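# Secondary and tertiary structure notes
Single-letter residue listing:
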Amino acid sequence: MNPTVYVETTVIGYLTSRPREDPIVAGHQQTTRDWWQTVPDRYELVASELVVQECSAGDETAAEERMEALAGITLLQTTSDADQLAEALIAGHAVPESHPEDALHIALAVVNGIQYLVSWNFRHIVNAAVRSTIERICRDDGYEPPKICDLEDLMDANGGERPNR
């Protein structure tokens, strides 16, 4: 069985957005597109109703493209366990109170036993400064946290080629 990967909203956004001139953003967009090509043979992707909600917002044409990218991906449902863990992540200062959706993305991956959570959200999710706090809170609540990473890290971890930076 392939490893399970929770795809957070920013990954879908980078996959479907128009090319940007900013070299860092453009690099993340290209990495996302390259990674997406390898997905069917290497990973079992999951997202959530929260990802659907976030992807369906905004410009109608862009939202349609994001929703097309989500087609066929297993969707996780929000549960009371996920809500409680998200609250614990906020209360423990792993995620700011102003961004409960980021805490819920993490919690959904955790309570469902997903192996990886991929995101381009470096502020609240893929953040080395808060990773140990996230992991401690999850373990204190009886869960093993997923490996939280960006797509470049996941490509390295599973034999993919890392793009030049």
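Report follows, based on the coordinates. (Residues numbered from 1 in each chain as written. Predicted model: local features only at pLDDT ≥ 70, side-chain atom pairs only at ≥ 80, totals over all residues. Heavy atoms only, no water.)

## Brief notes about the nonpolar core
- Core analysis: the biggest nonpolar cluster contains 52 residues, and Val-5, Tyr-6, Trp-35, Trp-36, Leu-45, Leu-89 and Val-118 have the highest contact counts within it.
- Top element by residues in this core is helix H6 (residues 100-111). It accounts for 7 residues.
- If we ignore the near neighbours within four places in the chain, the residues touching Leu-89 are Ala-94, Val-95, Ala-103, Ile-106, Ala-107, Ile-134 and Ile-137. (Core = buried A, V, L, I, M, F, W, Y, C linked by side-chain atoms within 4.5 Å. Buried < 20%, exposed > 50% of the residue type's maximum accessible area, 1.4 Å probe, protein only. Helix = DSSP H or I, 4+ residues; strand = E, 2+ residues; numbered from the N terminus. Contact = heavy atoms within 4.5 Å.)

## What about the pattern of salt bridges?
- According to the stated counting rule, one finds 4 salt bridges in the structure shown.
- Salt-bridge contacts for Glu-65 lead to Arg-18; the nearest nitrogen and oxygen are separated by 2.9 Å. One end of the pair, Glu-65, is in helix H4 (residues 60-70); the other, Arg-18, is in the loop between helix H1 (9-16) and helix H2 (23-42), and 47 residues separate them in sequence.
- Classification of Glu-65 as partly exposed rests on a relative accessible area of 25%.
- Owing to a relative accessible area of 47%, Arg-18 belongs among the partly exposed residues under this scheme.
- Put simply, Arg-136 and Asp-140 hold a salt bridge, and the shortest N to O gap is 3.5 Å. Residue Arg-136 and its partner Asp-140 are both found in helix H7 (residues 128-140); the two are separated by 4 residues, about one turn of the helix.
- A network of salt bridges, in which partner residues are shared, links Glu-135, Arg-139 and Glu-144. (Salt bridge = Lys/Arg side-chain N within 4 Å of Asp/Glu carboxyl O.)

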